[in-house]
Amino acid sequence: MMNDPYARSAEFIDIMIAEAWDAFGPALADALKGTEAVPGTIVDLGAGSGRGVRAMCAALPGDSPILAVEPSPALRAVLLARVHEDARLRRRVTVAPGDALSIPLPERVRAVTAMNMIGHLSPDERYELWARVAPRLAPGGRVIINLAPPTTPAHVPPALMANLTVGDLTYEGWASAEPSGDHRVTWHMTYRTLRQGQPLSEVTVDYVWWVLDEIELARELAEHGLTPYPVGRPELNLYAASLVGEDAKIQGLI
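Predicted, not measured: the structure shown is a model, and the values here were computed from it.

> Any details on the overall build of the chain? Residues and values, ideally.
What the chain contains, in helices and strands, is seven helices and 11 strands. For 254 residues, the compact-globule formula gives about 18 Å, and the C-alpha radius of gyration of the chain, at 18 Å, lands near that figure. For the chain, the spread of C-alpha atoms along the principal axes amounts to about 55 × 45 × 35 Å. Per-residue burial for the chain yields a buried fraction of 50% across its 254 residues. Sequence-distant contacts, at least 24 apart, represent 67% of the contacts inside the chain between residues at least 6 apart. A total of about 12,000 Å² of accessible surface is found on the chain, and carbon and sulfur atoms cover 54% of it. In the chain, which carries 22 positive and 31 negative side-chain charges, the distance between the mean positions of the two groups comes to 7 Å.

Right under this line is the structure:
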């Protein structure tokens, strides 16, 4: 995770994920239900531009702390600006450089979220992450993760993922993917800026993404005493996980 796959594309990321967070925000709030009285810090791994942080603060009002971890300097700049401009976030949110495996974790964690980021970790790195998180998770706490498609190595044909206009300019985001190993794909991203349909600039980015399905996620988490269950609409592929023995009680609250 030393290389920054977002160094060239960060200027487009936040505006192009805005619509997706219209669905992810309420689902994340549902996944956090029942943790209001759980002690500890919320840790947002791969916090990106901060849309998840904002959704968490809205779902859990009060002053409980949030540690927002983002390795990309470019995305972290957007994250820090978003936190700073909102007094409620500024009181609660600490923005930290680092990644999921290097950042020092609080001794007691209320929830760990990994939204749209787990594919940056190999299977060995995920094992290390779960081993770090599970012992610190407070009783009643959650691990919340989404599995972005494809969940198995597969060809993804080019598709327009975002098209929006700001002022006089239109921004397009295109994505395609090809299998590049037993458990990974390589994404090919193209970001175009146009004026009245005429191209002004184009940025292309390729990055490796480790795929993961529900069965493998459950197996990995079970090795660390965690039980996952789906949350929200099926197409979101969103899961919350709790310590074994608490899953039935928690699922009854959601």
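> If you had to explain the layout of surface pockets to someone new, which residues and values would you point to?
Approximately 170 Å³ is the volume found for the second largest pocket. Taken together, Arg54, Ala55, Cys57, Ala58, Pro61, Gly62, Asp63, Asp86, Arg88, Leu89, Arg91 and Arg92 form the lining of the second largest pocket. Mapped by element, the contributors of at least two residues to the lining of the second largest pocket are helix H2 (51–59) and helix H4 (87–92). Considered class by class, the residues forming the lining of the second largest pocket number five nonpolar, one polar and six charged.

> Describe the packing of aromatic side chains, with residues and values.
All chains considered together, the criterion is met by five aromatic pairs. Ring geometry for Trp21 versus Phe24: centroids 5.7 Å apart, planes at 55°, classification tilted. Of this pair, Trp21 and Phe24 are both found in helix H1 (residues 10–32), three residues apart, which corresponds to roughly one turn of the helix. The exposure class assigned to Trp21 is buried, which follows from its relative accessible area of 11%. Residue classification places Phe24 among the buried residues on the basis of a relative accessible area of 10%. For the pair Tyr207 and Trp209, a centre-to-centre distance of 6.3 Å together with 70° between the ring planes defines the contact as edge-to-face. Across the pair, Trp209 and Tyr207 agree in class, each one buried.

> Could you give an account of the side chain of Asp14, naming the residues involved and the relevant values?
Within the secondary structure, Asp14 sits in helix H1. Judged by its relative accessible area of 13%, Asp14 is buried. Discounting residues that sit within four places of it in the chain, Asp14 has contacts with Ser49, Arg51, Val78 and Arg82.

> With reference to specific residues and values, describe the sheet that holds strand E2 (residues 66–69).
Note: strands within a sheet are paired through backbone hydrogen bonds, in either parallel or antiparallel orientation. If you walk across this open sheet you meet the seven strands as E3-E2-E1-E4-E5-E11-E10, and the pairing is mixed. On the outer flanks of this sheet lie strand E3 (93–96) and strand E10 (226–231), each paired with one strand and no other. Taking each pair of neighbouring strands and ignoring which way they run, the sheet shows an average axis angle of 20°. In this sheet, strand E11 (residues 238–243) lies alongside E10 in antiparallel orientation, the contact comprising six bridges. Residue Leu226 lies in a different strand from E11, and its bridge partner there is Leu243. Strands in contact with helix H3 (residues 73–84) are E2 and E3; relative to E3, the strand with the most contacts, it is inclined by about 165°. Across the sheet, helix H6 (residues 214–222) lies against strand E5 (137–146), E10 and E11, angled at about 150° from E10, the strand it touches most.

> Break down empty space enclosed by the protein for me, with residues and values.
This model, assessed by the stated rule, comprises one cavity of 30 Å³ or more. The computed volume of the largest cavity comes to approximately 40 Å³. Lining the largest cavity, in full, are Ile118, Gly119, Asn146, Leu147, Ala148, Trp209, Trp210, Val211 and Leu212. Each residue belonging to the lining of the largest cavity can be placed in one class, and the counts come to seven nonpolar, two polar and no charged.

> Give me the sheet that holds strand E7 (residues 169–181): which residues, what numbers.
Taken in spatial order, the four strands make up an open sheet running E6-E7-E8-E9, and their pairing is antiparallel. Across the chains shown, the open sheet's two edge strands, defined by having one partner strand only, are strand E6 (156–166) and strand E9 (198–210). With direction set aside, neighbouring strand axes in the sheet form an average angle of 15°. Sheet topology note: the E6/E7 ladder contains eight bridges and is antiparallel. When the bridges of E7 are listed, Ala159 appears paired with Ala175. Strands E6, E7, strand E8 (184–195) and E9 of the sheet are contacted by H1, whose axis makes an angle of about 95° with E7.

How each quantity is defined
- Position labels on residues start from 1 in each chain and follow its written sequence.
- For a predicted model such as this one, the threshold for reporting local features is a pLDDT of at least 70, and the threshold for listing and counting side-chain atom pairs is 80 or more; totals across whole chains, interfaces and linings nevertheless cover every residue.
- Only hydrogens and water are set aside; all other atoms, that is, all heavy atoms of the structure, feed into the side-chain values.
- Elements are defined by DSSP. Helices are runs of H or I of four residues or more, strands are runs of E of two residues or more, and each kind is numbered from the N terminus.
- Only the C-alpha atoms count toward the radius of gyration. The rule for a globule is 2.2 Å times the residue count to the power 0.38.
- Partly exposed residues are those whose accessible area sits between 20% and 50% of the maximum for their type, while under 20% is buried and over 50% is exposed, using a 1.4 Å probe and protein chains only.
- Contacts are assigned to residue pairs with any non-hydrogen atoms lying within 4.5 Å of each other.
- Each accessible area value is a Shrake-Rupley result obtained with a 1.4 Å probe; residue values ignore everything except the protein chains displayed when judging cover.
- In this tally, Lys and Arg are treated as positive and Asp and Glu as negative; His is ignored, and so are the chain termini.
- Every charge is mapped to an atom, namely NZ of Lys, CZ of Arg, CG of Asp or CD of Glu.
- Think of a 1 Å grid over just the protein atoms. A cavity is a set of points where a 1.4 Å probe fits yet cannot get out, a pocket is an open set with protein on both sides within 12 Å along at least five of seven lines, and lining residues have an atom within 4 Å of a point.
- Grid points are joined across faces, edges and corners, and a volume is the space filled by probe spheres set on the points.
- In this classification, Asp, Glu, Lys and Arg are treated as charged, Ala, Val, Leu, Ile, Met, Phe, Trp, Tyr, Cys and Pro as nonpolar, and every other residue, Gly included, as polar.
- Centres within 6.5 Å are what make two rings of Phe, Tyr or Trp a pair, Trp counting through its six-membered ring; a difference in plane orientation under 30 degrees is then read as stacked, over 60 as edge-to-face, and the rest as tilted.
- By definition, two strands form a pair when at least two bridges between them are found by DSSP.
- Angles run from 0 to 180 degrees between N-to-C directions of axes, and those axes are lines fitted to C-alpha atoms, restricted for helices to the stretch in contact.

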